[in-house]
Each structure stands twice: as structure tokens, then as C-alpha cells.
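Commentary on secondary and tertiary structure
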Amino acid sequence: MRRRILQSTLLAVAVTAVVLGLPLGFSALKLVQDITVNDLSTRAQQIATLLDEQIAAQRPVDLNAARLAVPDGARLVVRTQAHDYSYGPDPGEEPLVESVPMVQSGTVTIAAPSGPVRTQQIQVAGLVLLLVVLSAGTGMIVASVTARRLSDPLRHVAARAARLGAGDFRADPRRHQVPELDRVADALDASGAALSQLVQRERELVGDVSHQLRSRLTALHLRLEALAAVDDPEVAEEAGAALEQAERLSGVLDDLLAAATAARARDAAPLDISALLTDVAAEWREPLKAAGRALRVRVEPELLARVTPTRLRETIGVLLDNALRHGEGTVTLAARQSGGTVVVEVSDAGPGVPDELVPYVFERGFSGHGSTGVGLALARALVEADGGRLELSQARPAMFEVFLPVARADDVLGLPWKPEPTPR
């Protein structure tokens, strides 16, 4: 986009320079010649008037009286009925010649060398060319600034749309002072909020349905097991058959929940957590340093987890931003492997989360520090979308832990992946 905008603007500048520069250059060259010719004509007319006065007074023609009107290097030729007179050197090849008639039946001709005129024309042409180059250079600068001003916001909006597609529903406060792009950004923020609420409601509905079904199935199992233990063989046989069907229904429910988890994590892939966390830490060192804080990184090498890079980057960013805004002292980013799980920890040395707020820190819209209360809820949603989970493992000082499924051998080899629950 930036290249196309730059090319279009430069093409317009080039066309304008050619359309205006060529006529301007031609007019300038013609103007220099016309000024010189008019000057010669004026001088010749002055000399003709002077000589007419001499002839009318019946005095001999004296060219010395007219030499002041002859340009340097030019030649004066006077032709009368009685005699021809000349004054000055040979003007060379292709001189500029201007003749005027005399009243007393004669002509006055001035032939000036063309070299000085050609020199002036070259100087004027160079000046015109310089103006064209300066105009083109100014156009290039304006085109570059305009292209950057238009392309950078477009790239930012495209990246925002990509993050939204990857599951990052946080609002982006950045605006570009371009009404059309700002309207697109507002629409993306509104879409993100709507999608976030929709996904949250969907997960809550799935959780509620799962809980209710499991509760009813558990009660049904207990009743059927009691019936299967009675002395009546027919009743026991029917109860056993019903118990078998209930167990199959429980298995179907487990398969459906596993399929839903796999569908949410379909974009997840084996990822080097160590490298990603190092990059994220490099991005957050300067903001923390500007606030007089330090960032300590303790990440084990070659940690592989099945996760979506964009979601994990945004999640860690939310946790580090939370530590910057609401924590104190040194912020610690650590990662380790524990069994079949990669654990990422973000902590600080601040006062932590009050006990009465601990049950609500991940609820959307709840905040104990005057913020929007969206960040932690979205961070948990992003982690859960990849089959992981986010917990507040320690309230004072605050420590958040992200549990991610370890990438197994079949993940790395590109074999079909089956979700496995992370340990609680």
C-alpha cells in the first residue's frame, strides 16, 4: 500500500514537472532572445535618429558619435545612398542581426555575437531545471510523508483485525486522526466486545450444561446402582441395562466436551515458549524501566507447548501490564515445565490482591483499582481457547500462573493432536 501511494504521488509530481517545466523552459529561452533583440532594435533606432539629424544638417556621417550605443563586440553597418559605413569587430558566426530604416533613405544594422545570449539561455535553462528538481524533491518528501501517514494506520488496523481473528478481543485505544480509519477501529472495538461477550456466554452455557448434566447423570447412576442391587432378577437386569446406557451417555458427554475444547484450540501449534517469552520481556523492559521498575526473567530453555503465539503474547502482555499498573517493585517472568504442563508465572513485589477481591479478579467488568476490568477476563479467555488455564496462584504478593499443554512428539511430527486436560 505504501509503495503504491508513493508511486502514484511521484507519478503525479513527474507529470506536473514535465507539463510545466518544458513550456516554462522554452518560454524562458525565448524571453532571453526577445529581450536581446529588442535591445538591439532600440539601439539601432537611436543610431538611425542620430544619423538622420547629421544628414539633415548636411554634415558628414560620423559614426564616432554613435559608438556608445553599439554593444560590446557588436558591429554597426550604415548604408546610405552615397556610401556604406561600418564600425566594430566581426560578430562571428550566426550573429543576432537587427536592422531599422532611416528617414534619409538608408538602413542601420547592428550585428551582435550570439555567444553571450546563448550563455544567458543556458543559465536560465539551468535555473528552470533546478526549480523542477526542487519541486520534484519536495514532491517526493511530501509523497513519502503522506504514504507513511496513510500506510502505517492501515497496517495497524490490519494487525488489529488479525488479533481480533486470533481471539484478542481487547479494545485498542489508538486512533489515527483519519476519520475513515478511526470508524473502522471503532467498529473493530465494538465487534471485539460483542464477540467477547458471545464467547463468554457460550463458555458459561457449556459449563452450566455440563455441570447440570453431570449432576443429573451422577444422581441417575446412584439410583440405578441401587436398583441393580435388589433381589428381584428382572428389576436388577433392567437396572443394569439402564446403568449401561447412562454410562454410554456420560461417555458421549465427555466426547462432546473434548471436541469443543479441540475446536477452540484448532489454531494452536507447537511453539518455543522460551523464545516467545524472551521477545515479550524485551518489549516490556523499557516501559517498566521508565516507571523505575525492573524485570527479571527466569525461563527454562527449549520449552515447547501447544499454543497460539498471538494469544499467548497478548496474555503475557496483559499480565505484565497488570503488574506495571497495580504492582510494585521488581516484576518476575518465569517459565518451567511441570509434568505434562508448561507453567508461566508473572509476579511482582507489590501489596497483591485483597482477600475479598480474589474470587472476582477474573470477572469481566470487575476492578478494584478503577480500570476497565476487561484485561484479566480476556487473558483467561485467550488461554482457555488454547486448552490451557490462567489462575491467581498467590494473592500477596500477586502471582499469576498460566498452565499450557506440553507439545508431545506427535505434535512436533505433525500428527493429529488430541486435547488432554491440564492438571488442576
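Quick caveat, the model's predicted, so the values are computed rather than measured. Each chain has its residues counted from 1, running along the sequence as written. For this predicted model, a pLDDT threshold of at least 70 governs which residues receive local features, and a threshold of 80 or more governs which side-chain atom pairs are given and counted, while totals over whole chains, interfaces and linings are taken from all residues. Think of the side-chain values as coming from all heavy atoms in the structure, minus any hydrogens and water.

**Let's talk about the environment of L288**
We count it as follows: A run of H or I in DSSP counts as a helix once it spans at least four residues, and a run of E counts as a strand once it spans at least two, with each numbered from the N terminus. Working rule for contacts: check all heavy atoms of both residues, and any pair within 4.5 Å makes them a contact.
Along the polypeptide, L288 turns up in helix 5 (residues 273-290). Sequence separation between L288 and L324 is 36 residues; the distance between their C-alpha atoms is 6.7 Å. Leave out the neighbours within four places in its chain, and L288 touches R293, L295, L324 and V331.

**Some thoughts on the pattern of salt bridges**
Selection criterion: Any Lys or Arg side-chain nitrogen located within 4 Å of an Asp or Glu carboxyl oxygen qualifies as a salt bridge. Throughout, exposure labels follow a simple rule: accessible area from a 1.4 Å probe, protein chains only, divided by the maximum for the residue type, with under 20% read as buried, over 50% as exposed, and the rest as partly exposed.
Counted by the stated rule, this structure contains 12 salt bridges. In this structure, R43 and D39 form a salt bridge, with 3.0 Å as the shortest nitrogen-oxygen distance. Of the two residues, R43 and D39 both sit in helix 1 (residues 2-56), four residues apart, roughly one turn of that helix. By relative accessible area, R43 is classed as partly exposed at 24%.

**Some thoughts on the UniProt feature "transmembrane region" (unreviewed entry) in the protein**
We apply this condition: UniProt positions are given in the numbering used here, feature names are shortened, and annotations may be inferred rather than shown by experiment.
UniProt's feature table lists "transmembrane region" (unreviewed entry) at residues 124-145, given in the numbering used throughout. The annotated region residues 124-145 carries 100% helix and 0% strand content, and the separation between its end C-alpha atoms amounts to 32 Å.

**Remarks on a nonpolar patch on the surface**
For clarity, the threshold we go by: Any residue with relative accessible area above 30% and no salt bridge may belong to a patch, with like charges joined within 9 Å and the nonpolar Val, Leu, Ile, Met, Phe, Trp and Tyr side chains within 5 Å. Surface exposure here means Shrake-Rupley accessible area, sampled with a 1.4 Å probe, where a residue is shielded only by the protein chains that are shown.
Side chains of L11, V15, V19 and L20 sit close together on the surface and give an oily, nonpolar patch of about 390 Å² of accessible area. Inspection of the secondary structure puts L20 in helix 1.

**Quick word on the environment of E247**
Inspection of the secondary structure assignment puts E247 in helix 4 (residues 233-264). Remark: the alpha-carbon pair of E247 and H221, spanning 26 residues in sequence, is separated by 8.0 Å.

**Quick word on the nonpolar core**
What counts here: As used in this record, nonpolar core signifies buried Ala, Val, Leu, Ile, Met, Phe, Trp, Tyr and Cys residues forming a set joined through side-chain atoms within 4.5 Å.
Grouped together as the largest cluster of nonpolar side chains are 38 residues, with contacts concentrated most on I273, I316, V344 and L404. Elements supplying a minimum of two residues to this core: helix 5, strand 7 (304-307), helix 6 (309-326), strand 8 (331-338), strand 9 (341-347), helix 7 (375-385), strand 10 (389-394) and strand 11 (399-405). For this core, the element with the highest residue contribution is helix 5, accounting for seven residues.

**A few points about the packing of helix 6 against helix 7**
Worth spelling out the cut-off: Every axis in this analysis is a line fitted to C-alpha atoms, fitted for helices over the stretch in contact. Angles between the N-to-C directions lie between 0 and 180 degrees. Between 65 and 115 degrees an angle is taken as roughly perpendicular, under 35 as roughly parallel, over 145 as roughly antiparallel, and anywhere else as oblique. Two helices crossing with the near one rotated counterclockwise from the far one by less than a right angle form a left-handed crossing, whereas a clockwise rotation gives a right-handed crossing. Residues were grouped as follows: Ala, Val, Leu, Ile, Met, Phe, Trp, Tyr, Cys and Pro as nonpolar; Asp, Glu, Lys and Arg as charged; and all remaining residues, including Gly, as polar.
In contact at an axis separation of 9 Å, helix 6 and helix 7 are set at 150° when each is read in the N-to-C sense. Considering the angle they form, helix 6 stands roughly antiparallel to helix 7. Every pair of crossing elements has a handedness; the one defined by helix 6 and helix 7 is left-handed. Where helix 6 abuts helix 7, its residues R311, E314, T315, V318, L319 and N322 lie against G375, L376, A379, L382, V383 and A385. Grouping the amino acids of the contact of helix 6 with helix 7 by side-chain chemistry returns seven nonpolar, three polar and two charged.

**A look at helix 6**
The line we're drawing: Between the first and last residue of a helix there are one fewer steps than residues, each counted as 1.5 Å, and that sum is the expected span.
Under the 1.5 Å per step criterion, the end-to-end length of helix 6 is 26 Å for 18 residues, consistent within 8% with the ideal 26 Å. Within the span of helix 6, buried status applies to R311, L312, E314, T315, I316, G317, V318, L319, L320, N322 and A323.

**Let's talk about unusual backbone geometry**
Cis geometry is found at the peptide bond from R396 to P397, where omega equals -15°. Residue placement: P397 occurs in the loop between strand 10 and strand 11. Non-glycine residue E94 carries a positive phi angle of around 50°. Its place among the elements puts E94 in the loop between strand 2 (84-87) and strand 3 (96-102). Taking the relative accessible area as the measure of exposure, E94 reaches 65% and is therefore exposed.

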